[in-house]
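Remarks on the overall topology
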Amino acid sequence: MSVPRIAELSKRIAANTATICEYLSSNDLPYPSLSIDTPLYGAVPDQPEMQALRQSILDDTAELRQLMLGPRDYLTSFVPNALLPLQAVTRFGLARSLPVGDETTLSNMAKLSGLTESDTRKVVRYAVALKIFEETRPGIITHSAASRLLAQDPGVHDYVAACTDELWQASAQTCNAMEKYPGSEEPTETGFSLANNTDKPLYDFLSAFPERSTRFANMMEGFTKGKAFDLKYVTDYYPWEQHGGGTIVDVGGSQGFVSVALARRHPSISFVVQDLEPVIIDPKENVPSDVASQVKFMVHDFFTPQPVVGADVYFFRWIFHNWSDKYSVKILQSLIPALKPGSKVIISDAVMPPADRVPSGMNLRLRGFDLVMTSIQNAKERELEDWVNLFRLADERFEFEGVTQPPGSFNALLVATWRGS
Ligand SMILES: C[S@@+](CC[C@H](N)C(=O)[O-])C[C@H]1O[C@@H](n2cnc3c(N)ncnc32)[C@H](O)[C@@H]1O
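Residues numbered from 1 in each chain as written. Predicted model: local features only at pLDDT ≥ 70, side-chain atom pairs only at ≥ 80, totals over all residues. Heavy atoms only, no water.

The chain is annotated in an unreviewed UniProt entry as O-methyltransferase C-terminal domain-containing protein of Xylaria grammica.

Structure representation (structure tokens):
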């Protein structure tokens, strides 16, 4: 008789958990816990074998939960306001106002946040139920591991704040946008546009609000702290050393953290980070002194002709998934006047895999991201064929060379070479 799926899953979960426990125990490492002193970026070591076991446990527990719920309870288990406590905790500074190691009362949290006591109680207790904060005695609140991270890591804080304040609201309006503007490729006809009652694209709109704009950029940097977005997937999976003595232009490079990481490993390469004005605030603050002479900043709109002529590489990380094909083609074509024969265009972006080739947790994230891109820009994540077509649509002289998909990475690296004169 075949083993029931629920038994198979629970057996594998138990075996994988035991392997991780043994590893932690034999290396004298702490076990995962929800309490404040747990390793805040995860107790499972960042090592391929351990991470594969962790991913398997995450996928198996999700499936086991769904099987245990059954279809009806599964569908009704999606509460409509699951992100509300996270939005409130960041919007009203509830985690940051509580010093780590201290305890406080709900009334004090209300005073510091400006919320009413009643709203504070509702929000914080929902957060406690989600293991964000602990209520150690009735009305007495301390940090949990999760709220501590929100208090102490500005990248994670801004990630959560921008996800809830910007992306969640945009998602809630996306079906309305699909109805109002069917098939639109315009970044002005999105869920984000409807949520903000604006006719400007997201980045133009945010540029009028420097704080929101910076927070959005910080959310992007926060992503890179997630394991699937580690900068190593850019630095270690392309032979950058072949461009020694040359120049790499980091187009839409935000505050330059990718260029800084590459500059540290390749002292003979020069970097130019380009972005819109409000994002490039003050290069003196953004560039660590050890690479200051190597990494320059430049305000540049990538829909206008590329001003750095004859660079070896034009690098785009997380740019094209923000734009529909109509606009992505324009970005590539704006490079053409600056390209020399052999210039590379290197793109770090997702290549959507067939669903059965990735762990279900990763597939879920990729599918979620695809729709985030629609909600904010009418853009999309692309399959390999879409990428090849994009270069072809922009200009036949772009020769698509191939793609590298580092294991465990959200993004792949796509390389094309300019074969024009
Ligand atoms: C998703 S972020 C990616 C940032 C960075 N490359 C990274 O890997 O995290 C997109 C970036 O494109 C920039 N951007 C948007 N429109 C732009 C434009 N027209 N010209 C130049 N940069 C632009 C944004 O300011 C933002 O920093």
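1. A look at the nonpolar core
Of all hydrophobic cores here, the largest spans 31 residues; its most connected members are Tyr 314, Phe 316, Phe 320, Leu 332, Val 345, Ile 347 and Phe 398. Elements that contribute at least two residues to this core include exactly β4 (247–251), β7 (313–317), α15 (325–335), β8 (344–349), α17 (384–394) and β10 (412–418). In terms of residue count, the dominant contributor to this core is α15 (five residues). Not counting residues up to four positions away in its chain, the partners in contact with Phe 398 are Leu 332, Ile 336, Leu 339, Val 345, Phe 391, Thr 417 and Trp 418. (Core = buried A, V, L, I, M, F, W, Y, C linked by side-chain atoms within 4.5 Å. Buried < 20%, exposed > 50% of the residue type's maximum accessible area, 1.4 Å probe, protein only. Helix = DSSP H or I, 4+ residues; strand = E, 2+ residues; numbered from the N terminus. Contact = heavy atoms within 4.5 Å.)

2. Some remarks on the packing of α15 against α17
Viewed as axis vectors pointing N to C, α15 and α17 meet at an angle of 60 degrees, and their least axial separation amounts to 9 Å. Classified by the angle their axes make, α15 and α17 are oblique. Of the two elements, α15 crosses α17, and the hand of that crossing is right-handed. Note on element contacts: α17 touches α15 through Leu 390, Phe 391, Leu 393 and Ala 394, opposite Asp 325, Ser 328, Val 329, Leu 332 and Gln 333. Tallied by class, the residues present in the contact of α15 with α17 amount to six nonpolar, two polar and one charged. (Axes fitted to C-alpha atoms, helices over the stretch in contact; angles between N-to-C directions. Parallel < 35°, antiparallel > 145°, perpendicular 65-115°, else oblique. Left-handed = near helix turned anticlockwise from the far one by under 90°. Nonpolar A, V, L, I, M, F, W, Y, C, P; charged D, E, K, R; others polar.)

3. Some details on the side chain of Ser 259
In this fold, Ser 259 is placed in helix α13 (residues 257–265). For Ser 259, a relative accessible area of 1% puts it in the buried group. When sequence neighbours within four positions are dropped, the list of residues in contact with Ser 259 reads Asp 250, Phe 271, Val 273 and Val 295.

4. Topic: a nonpolar patch on the surface
Nonpolar side chains collect at one region of the surface, where Ile 6, Leu 67 and Met 68 lie side by side and expose about 280 Å² of accessible area between them. Along the polypeptide, Leu 67 turns up in helix α2 (residues 48–75). (Patch = residues over 30% accessible without salt bridge, like charges linked within 9 Å, V, L, I, M, F, W, Y side chains within 5 Å. Areas by Shrake-Rupley, 256 points an atom, 1.4 Å probe, with all protein chains shown as cover. Salt bridge = Lys/Arg side-chain N within 4 Å of Asp/Glu carboxyl O.)

5. Focus on the packing of aromatic side chains
All chains considered together, the criterion is met by 22 aromatic pairs. Seen in terms of ring centroids, Phe 316 and Phe 320 are 5.0 Å apart; in terms of plane orientation they differ by 55 degrees. Their pairing is tilted. A relative accessible area of 1% places Phe 316 in the buried class. One aromatic cluster is present, formed by Phe 229, Trp 318, Phe 369 and Phe 410 through successive ring pairs. Sitting over the ring of Phe 209, Arg 212 keeps its end group 5.2 Å from the ring centre. Residue placement shows Arg 317 over the ring face of Trp 318; its charged tip is 5.1 Å from the ring centre. (Phe/Tyr/Trp six-rings, centres within 6.5 Å; stacked < 30°, edge-to-face > 60°. Lys NZ or Arg CZ within 6 Å of the ring centre and 35° of its normal.)

6. Regarding empty space enclosed by the protein
According to the stated counting rule, one finds two cavities of 30 Å³ or more in the structure shown. Roughly 50 Å³ of internal volume is contained in the largest cavity. Lining the largest cavity, in full, are Ala 228, Phe 229, Asp 230, Tyr 233, Val 234, Arg 317, Ser 348, Ser 409, Phe 410, Asn 411 and Ala 412. Partitioned by chemical class, the residues of the lining of the largest cavity number six nonpolar, three polar and two charged. Its volume calculated, the second largest cavity comes out at about 40 Å³. (1 Å grid on protein atoms, 1.4 Å probe; cavity = no way out; pocket = protein on both sides within 12 Å on 5 of 7 lines; lining within 4 Å. Points joined across faces, edges and corners; volume = space filled by probe spheres on them.)

7. Considerations on the side chain of Lys 344
Checked against the element boundaries, Lys 344 lands in strand β8. Classification of Lys 344 by relative accessible area gives buried; the value is 13%. Lys 344 has contacts with Tyr 238, His 243, Asp 312, Val 313, Tyr 314, Glu 401, Val 415, Ala 416 and Thr 417, leaving out every residue within four places of it along the chain.

8. Some words on unusual backbone geometry
In the Ramachandran plot, Phe 133 falls in the positive-phi region, its phi being about 80 degrees despite a non-glycine side chain. For Phe 133, the location among the structural elements is in the loop between α5 (117–129) and β2 (134–137). The phi angle at Ser 254 is positive, at roughly 55 degrees, despite the residue not being glycine. On the basis of relative accessibility, which here comes to 12%, the residue Ser 254 falls in the buried class.

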